[in-house]
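Listed below are the residues making up each chain.
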Amino acid sequence: MPRQAARAQTAAPALLSIGQVLARLTPEFPDLSSSKLRFLEERGLVSPARTASGYRKFSPADVERLRTILGMQRDHYLPLKVIKTYLADLDAGKNPQLPGAAPAGSMLPAGRRFSRDELLREAGASQELLQEAISASLIAPADRFGEEALTVLRALAELAGNGIEPRHLRGFRAAAEREIGLIETALVPIARRNDVTAKAQTAELAREIAAHLDVVRGSIIRSSLARIRP
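Asks: Explanation requested: the overall build of the protein in the structure shown.
Replies: For the protein, the helix and strand inventory stands at 10 helices and two strands. The order of α-helices and β-strands along the protein, N terminus first, is α-α-α-β-β-α-α-α-α-α-α-α. For the protein, long-range pairs separated by at least 24 residues make up 59% of all intrachain contacts whose partners lie at least 6 apart in sequence.

See the structure below:
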């Protein structure tokens, strides 16, 4: 073999099997499975190479792309359609704003976790308000809290300044449970299937339906505001 060809072959990045990709990513994303990887490929978000016998082989760039996709799902709860558009813009050489990310200039790192004291300090909230929020099932009890809890507690602190307390919002939990019931009903046909991608497709469709319900709910609230404008 010519010396230059040998060097090129040596420099080529090693391709990984599905099992090797799972070994690299499941410590960070414990719910990842081979069926989820196949599902992401079916949706066109990642395109691994294929061996002559049809086995998938992932490059280091594929692994980083998967890490981006899974991180956007976990940290920002984004549907795959939104993620796919973002990745297409990246592939086209654009510099898109990360959907669901903290605004430019924000000091809040993605994926940050907070102790109870840190959460209260960041949100500008009292211990009593946090406990009321937990009692009203607006924030889940935990030893360490995520960004979602911080966002909710900040909103609750602002609402408290206008006389709206967590106990007034207990109906939000009941409404959310009704929406979950709608989503579960819509997913029954897919959940009954027994193919390898059914579980991943169910989780993704649940995100998409939830996003659509958010749009409808927000529109109803905005249109209702017209009644109270002076």
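Having put the structure on the table, let's press on.
Asks: I tried to follow the packing of helix α9 (residues 170–191) against helix α10 (residues 198–224) on my own but got confused; where do I start?
Replies: The description of two helices packed together rests on the angle between their axes and the distance between the axes. Contact pair α9 / α10: the axes reach a minimum separation of 10 Å and the direction vectors enclose 145 degrees. Here α9 runs over α10; the crossing is right-handed. Here Glu179, Ile183, Ala186, Leu187, Ile190 and Ala191 of α9 lie close against α10, whose contacting residues are Ala198, Gln201, Thr202, Leu205, Ala206, Ile209, Ala210, Leu213 and Arg217. For the contact of α9 with α10, the residue count by class is 11 nonpolar, two polar and two charged.

Asks: Before we go on, may I ask you to explain unusual backbone geometry in this structure?
Replies: Comment: phi is negative for the bulk of residues other than glycine, and the bulk of peptide bonds are trans. For Ser137, which is not glycine, the phi torsion reads 60 degrees and is therefore positive. Structurally, Ser137 can be placed in the loop between α7 (127–135) and α8 (147–160).

Asks: So what exactly am I meant to see when it comes to α8 here?
Replies: Spanning 14 residues, α8 covers 20 Å between terminal C-alpha atoms, matching the ideal 20 Å at 1.5 Å per step. On its buried face, α8 is in contact with α6 (116–123) and α7.

Asks: Just checking my understanding: could you explain α7 for this structure?
Replies: Since one α-helical turn is 3.6 residues long, residues separated by three or four positions face the same way. Those residues of α7 lying buried are Leu129, Leu130, Ala133 and Ile134. Buried residues of α7, viewed axially, fall in a sector of 135 degrees; they line one side. Within two residues after α7, Ser137 carries a phi angle of roughly 60 degrees, on the positive side.

Asks: Quick question: what am I supposed to make of the packing of α7 against α8 here?
Replies: Closest axis-to-axis distance for the α7/α8 pair is 11 Å, and the angle between their directions is 110 degrees. In terms of orientation, α7 lies roughly perpendicular with respect to α8. The hand of the α7/α8 crossing is right-handed. Here Leu129, Leu130 and Ala133 of α7 come into contact with α8, specifically with Leu153, Leu156 and Ala157. Of the residues in the contact of α7 with α8, the class split is six nonpolar, no polar and no charged.

Asks: Which parts of the structure should I look at to understand the nonpolar core?
Replies: General note: in soluble globular proteins, nonpolar side chains tend to be found buried as a group. With 24 residues, the main nonpolar core has Val21, Leu25, Leu66 and Ile83 as its most contacted residues. Sorting the residues of this core by element identifies α2 (18–25), α3 (34–42), α4 (60–76) and α5 (80–91) as the ones contributing at least two each. Broken down by element, this core gets its largest block of residues, five residues, from α4. What Leu25 contacts, discounting residues up to four positions off in sequence, is Leu32, Val63, Leu66, Arg67 and Leu70. Counting residues in hydrophobic clusters, the runner-up holds 18 residues, among them Phe114, Leu119, Ala125 and Ile139.

Asks: Would you take a moment to explain the pattern of salt bridges for this structure?
Replies: Side-chain pairing between opposite charges can occur once the charged atoms of the two side chains come close. Counting across every chain of the model gives 13 salt bridges. Arg67 is the salt-bridge partner of Glu64, the closest N and O atoms lying 2.4 Å from each other. Of this pair, Glu64 and Arg67 both sit in helix α4, three residues apart, which is roughly one turn of the helix. Given the relative accessible area of 24%, Arg67 is considered partly exposed. Of the charged contacts in the structure, one is a salt bridge between Arg217 and Glu179, with a shortest N-O distance of 2.6 Å. With Arg217 in helix α10 and Glu179 in helix α9, the pair connects residues that are 38 residues apart, well separated along the chain. When salt bridges with common partners are traced through the structure, they connect Glu28, Glu64 and Arg67 into a single cluster.

What counts, and at which threshold
Residues numbered from 1 in each chain as written. Predicted model: local features only at pLDDT ≥ 70, side-chain atom pairs only at ≥ 80, totals over all residues. Heavy atoms only, no water. Helix = DSSP H or I, 4+ residues; strand = E, 2+ residues; numbered from the N terminus. Contact = heavy atoms within 4.5 Å. Axes fitted to C-alpha atoms, helices over the stretch in contact; angles between N-to-C directions. Left-handed = near helix turned anticlockwise from the far one by under 90°. Nonpolar A, V, L, I, M, F, W, Y, C, P; charged D, E, K, R; others polar. Expected span 1.5 Å × (residues − 1). Buried < 20%, exposed > 50% of the residue type's maximum accessible area, 1.4 Å probe, protein only. Arc of directions from axis to C-beta. Parallel < 35°, antiparallel > 145°, perpendicular 65-115°, else oblique. Core = buried A, V, L, I, M, F, W, Y, C linked by side-chain atoms within 4.5 Å. Salt bridge = Lys/Arg side-chain N within 4 Å of Asp/Glu carboxyl O.

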